[in-house]
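Structural characterization, general
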Amino acid sequence: MNPSLITRVLATNDSFAPLALRIPAGIIFAAHGAQKLFGAFGGYGLEGTGQWMASIGLEPGYLMALLAGSGEFFGGLALLLGLLVRPAAAVLAFAMLVAIFAVHIGNGLFMSNNGYEFGLALLAIAVSLVFSGAGAFSLDRLLNKNEH
């Protein structure tokens, strides 16, 4: 029998490796999303972030800020909960590709020059989670057990 789409999306194993990636990355992504959406943690909120995004050519800026902020905030929460980790990680990987190529690539690798190393590390984590799923101690694992 062919497994359902939701079974494939929730599929994971009982490894602790994804948990070690999910928790710190979830905190980082949720915090960065909160900066963009709500102005938390010294961020500029939707208006300020939207204006900045428009200034670098990501138009319409407000919509781009809303999309990036929502992806990061809700994607980060999904990682923390271990819920729908594969699709959340795919969204976060895409957001990191945009950040790397639209903002950081011209500055070289290192963060000290506003380079792409931090975005690259987060991209690697997100891609790893797309492949592995949520792992142990996740809602995906719990829900997938109940599917069978």
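I will try to describe carefully the structure that is included in this document. This structure is a prediction, so every number in the text was calculated from the model and none was measured.

A short note on the pattern of salt bridges
Under the defined criterion, the tally for this structure stands at one salt bridge. Across the pair Glu-72 and Lys-36 runs a salt bridge whose closest N-O atoms are separated by 2.9 Å. Of this pair, Glu-72 sits in helix H4 (residues 61–81) while Lys-36 sits in helix H2 (residues 17–38); the two residues are 36 residues apart in sequence, bridging distant segments of the chain. Note on Glu-72: relative accessible area 6%, which makes it buried.

A short note on the packing of H2 against H4
At a minimum axis separation of 7 Å, H2 and H4 run at an interaxial angle of 150°. Considered as vectors, H2 and H4 are oriented roughly antiparallel to each other. The interaxial crossing formed by H2 with H4 has left-handed handedness. Grouping the amino acids of the contact of H2 with H4 by side-chain chemistry returns 16 nonpolar, six polar and three charged.

Digging into the packing of aromatic side chains
In the structure shown here, the tally under the stated rule is three aromatic pairs. Between the aromatic rings of Phe-16 and Phe-137, the centroid separation amounts to 5.6 Å while the plane-to-plane angle is 50°, which identifies the pairing as tilted. One end of the pair, Phe-16, is in the loop between helix H1 (5–10) and H2; the other, Phe-137, is in the loop between helix H6 (117–132) and helix H7 (139–147), and 121 residues separate them in sequence. In this structure, Phe-16 and Phe-137 share a single accessibility class: exposed.

What counts, and at which threshold
- Residues numbered from 1 in each chain as written.
- Predicted model: local features only at pLDDT ≥ 70, side-chain atom pairs only at ≥ 80, totals over all residues.
- Heavy atoms only, no water.
- Salt bridge = Lys/Arg side-chain N within 4 Å of Asp/Glu carboxyl O.
- Helix = DSSP H or I, 4+ residues; strand = E, 2+ residues; numbered from the N terminus.
- Buried < 20%, exposed > 50% of the residue type's maximum accessible area, 1.4 Å probe, protein only.
- Axes fitted to C-alpha atoms, helices over the stretch in contact; angles between N-to-C directions.
- Parallel < 35°, antiparallel > 145°, perpendicular 65-115°, else oblique.
- Left-handed = near helix turned anticlockwise from the far one by under 90°.
- Nonpolar A, V, L, I, M, F, W, Y, C, P; charged D, E, K, R; others polar.
- Phe/Tyr/Trp six-rings, centres within 6.5 Å; stacked < 30°, edge-to-face > 60°.

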